[in-house]
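Each chain, written out:
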Amino acid sequence: MAALPRILTIDPTWTIARVVRAATDLVDRAVIQVDVPGGQDALDELSRGGAKLAVTGWVLDDEMRGLELALRIKQSSPETAVIILGDVTDPEELDEETVSESPFVYLRRPVDIHQFMRVLVAGLDGEDIFEALKTPGAAVAQILDRGPVPMIDADNALAITKRLMTDVGAMAIILANRSGDVILEQGAVGYLNREQLINALIPMMTTTVEMSSLVGGQAQNIQFYDGDDKDVFVFSVGLHYFLCLAFDGQAGQRQFGVVNTFGRRAVQDMVMLLGPNAWLIQSPKPVSESRHRKHATQDTKAVEVEEPLETLIPRAEAPLEEPEPVHLDPISDDLFDPAFLDGLDKVSEADIDSLFDPDKLADIAQEGKLRSKTLSQEEAEGLGLLGGLGGGAS
């Protein structure tokens, strides 16, 4: 049988000892816990039996400070994970240079219980306590982008999971979304490795989305993983969330019927919180395509402004035909007799001016109209209109 891991707590107030003992009970881990008040006592105990994990305060009861003790523990026992758990009056956080070079994790009370539990379990299992310090979901594998995840009412979802835990007696319950974010958890939060669990279950959500179009309607999924140490039930909550229930490895099979009944009821309540968005997938617009269109539009505008769309072919203008010169026939002597100009020198200036007098012109025009109405026989004969008639009478 493997030896139980040893935890060493160093705190003159014994507060850290109570916190660590409660945490190990919560995750149901069997450990050997040794509590000492000062730094020198811790080093002596470490030299006798070693420790998997050491949790020390920032202020101790002797001249040694928590920071110095952490460094000395790592020097004498490099495999021991060290957590410094400060009090409310201690520094809220250390400077960046100290944090980057320190071989320990610094936390201050009131501590984030989820974060503390992750670091504690990682130290007991010999894993990287600095990775456990990070927020869950930061290292979760990315999946195909299917648009934004709809928000769920965390307070009402918490009430639903509390009621479900009471109904089925699970060790832990975790609600997460398809993006790898942990929304809430109940029970022994360190009972499962959440990062590993979420990475393993995210493909299930992708499968549920694909199967919904295949089977039609609002597809739901339930999976059961039967193990020697743990049993895990997983319910899909719409197309965006999944609910995990963890049991002891010997109790899961016996609870299958109860979990199926109350689990489905809890899932339906959470689907009601999401509303129609529980089954709605919003396909995002491809970024590359939108950028391509934007750049294409900008390029087109540039071409229109700076360059012609096509090269113009220069063409010679067609010569206009020159008009033919107008040739007028000379006036015959019978139509124009220049002799009438011989008497112009005898016309007085008053008579010449009267030719352009408007009143005179009006009289002449009126007289012409009256004369045009009737013609005498002599006038008609003079015009040649009655020449034939006159000749016949004589």
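Before any of the text, the structure's been laid out above.
Figured I'd write up the structure that's included with this text.

About the cut-offs
- Along every chain, residues carry numbers that run from 1 in the direction the sequence is written.
- Given that this is a predicted model, residues contribute local features only at a pLDDT of at least 70 and side-chain atom pairs are listed and counted only at 80 or more, while totals for whole chains, interfaces and linings are drawn from all residues.
- To get the side-chain values, take all heavy atoms of the structure and skip hydrogens and water.
- A helix here means a DSSP run of H or I that spans at least four residues, while a strand means a run of E at least two residues long, and both kinds are numbered starting from the N terminus.
- Relative accessible area decides the class of each residue, using a 1.4 Å probe on protein chains only: under 20% of the type maximum gives buried, over 50% gives exposed, and in between gives partly exposed.
- Whenever a helix is involved, its axis is fitted only over the stretch in contact; in every case the axis is a line through C-alpha atoms, and angles between N-to-C directions fall within 0 to 180 degrees.
- The labels follow the angle: roughly parallel below 35 degrees, roughly antiparallel above 145, roughly perpendicular from 65 to 115, and oblique for the rest.
- Note on definitions: a residue-residue contact is assigned when non-hydrogen atoms from the two residues lie within 4.5 Å.
- Polar here means any residue outside two lists: the nonpolar Ala, Val, Leu, Ile, Met, Phe, Trp, Tyr, Cys and Pro, and the charged Asp, Glu, Lys and Arg; Gly therefore counts as polar.
- Throughout this description, a polar contact denotes any pair of N or O atoms lying within 3.5 Å of each other; where both atoms belong to protein, one of them has to be capable of donating a hydrogen while the other can accept it, and for residues adjacent in sequence the pair is counted only when both atoms sit in side chains.
- Salt bridge, as used here, is a side-chain nitrogen of Lys or Arg placed within 4 Å of a carboxyl oxygen of Asp or Glu.
- Note on pairing: DSSP must find at least two bridges between two strands before they are called paired.
- For Phe, Tyr and Trp, rings pair up if their centres lie within 6.5 Å, where Trp contributes its six-membered ring, and each pair is then called stacked (planes under 30 degrees apart), edge-to-face (over 60) or tilted (otherwise).

So, on to the environment of Ala251. Examined against the element boundaries, Ala251 turns out to sit in the loop between strand E10 (241-248) and helix H9 (256-274). Spatially, the C-alpha atoms of Ala251 and Gly169 are 9.8 Å apart, while their sequence positions differ by 82 residues.

For the rest of this paragraph, the subject is the environment of Gln218. Residue placement: Gln218 occurs in the loop between helix H8 (194-215) and strand E8 (222-226). Its relative accessible area of 52% is what places Gln218 among the exposed residues.

For any two helices packed against each other, the geometry is given by the interaxial angle and the distance between the axes. Their axes nearest at 11 Å, the elements helix H1 (residues 15-26) and helix H5 (residues 113-124) cross at an angle of 80°. When the axis of H1 is compared with that of H5, the two are roughly perpendicular. Facing H1, whose interface residues are Val19, Val20, Ala23, Thr24 and Leu26, H5 presents Phe116, Met117 and Leu120. Classifying every residue of the contact of H1 with H5 gives seven nonpolar, one polar and no charged.

What follows deals with the side chain of Arg178. Along the chain, Arg178 falls in the loop between strand E6 (172-177) and strand E7 (182-187). On the basis of relative accessibility, which here comes to 5%, the residue Arg178 falls in the buried class. From its side chain, Arg178 meets the backbone oxygen of Pro148 in a polar contact 3.2 Å long.

Inspection of every chain in the model, using the stated rule, returns seven salt bridges. A salt bridge links Glu45 to Arg6; the shortest N-O distance between them is 2.9 Å. Separated by 39 residues along the polypeptide, Glu45 in helix H2 (residues 39-49) and Arg6 in strand E1 (residues 6-10) bring together distant segments of the chain. Three or more residues joined by partner-sharing salt bridges are found here, namely Arg6, Glu45 and Arg48.

Moving on, we get to the environment of Lys134. Looking at the secondary structure, you find Lys134 in the loop between helix H6 (129-132) and helix H7 (154-168). Each C-alpha atom, one on Lys134 and one on Val119, is 9.3 Å from the other, the two residues being 15 residues apart in sequence.

It is worth spelling out the sheet that holds E6 at this point. Reading across from one edge, E7-E6-E10-E9-E8 is the order of the five strands in this open sheet, with antiparallel pairing throughout. Looking at strand neighbours, the two that pair on one side only are E7 and E8, the edges of this open sheet. Between one strand axis and the next, the sheet turns through 15° on average, direction left out of account. Bridging between strand E9 (residues 230-237) and E10 involves eight bridges; their strand directions are antiparallel. Bridge pairing in E10 places Val237 opposite Tyr241. Its contacts with the sheet place H8 against E6, E7, E8, E9 and E10, and it is angled at close to 130° to E10.

Let's shift gears to the packing of aromatic side chains. The full count for this structure, using the stated rule, is five aromatic pairs. Seen from their ring centres, Trp58 and Tyr106 are 5.4 Å apart, and the 75° between their planes marks the pair as edge-to-face. Note that Trp58 is positioned in the loop between strand E3 (53-56) and helix H3 (66-76) and Tyr106 in strand E5 (residues 105-108), a separation of 48 residues in sequence. Each member of the pair, Trp58 as well as Tyr106, is classed as buried. Consider the rings of Phe224 and Phe256, whose centres lie 5.6 Å apart with planes at 80°: the pair is edge-to-face. A residue pair is termed long-range when its members are at least 10 positions apart, and Phe224 in strand E8 and Phe256 in helix H9 qualify at 32 residues. The exposure class of Phe256 is partly exposed, given its relative accessible area of 38%. Every member of this aromatic cluster is reached through a ring pair, and the members are Phe224, Phe233, Phe247 and Phe256.

Attention shifts here to the side chain of Thr80. Inspection of the secondary structure assignment puts Thr80 in the loop between H3 and strand E4 (81-86). For Thr80, a relative accessible area of 0% corresponds to the buried category. At 2.6 Å, the side chain of Thr80 forms a polar contact with the side chain of Ser77. Sequence-distant contacts of Thr80, defined by excluding residues within four places in its chain, comprise Leu46, Ala51, Lys52, Leu53, Ala54, Ile73 and Lys74.

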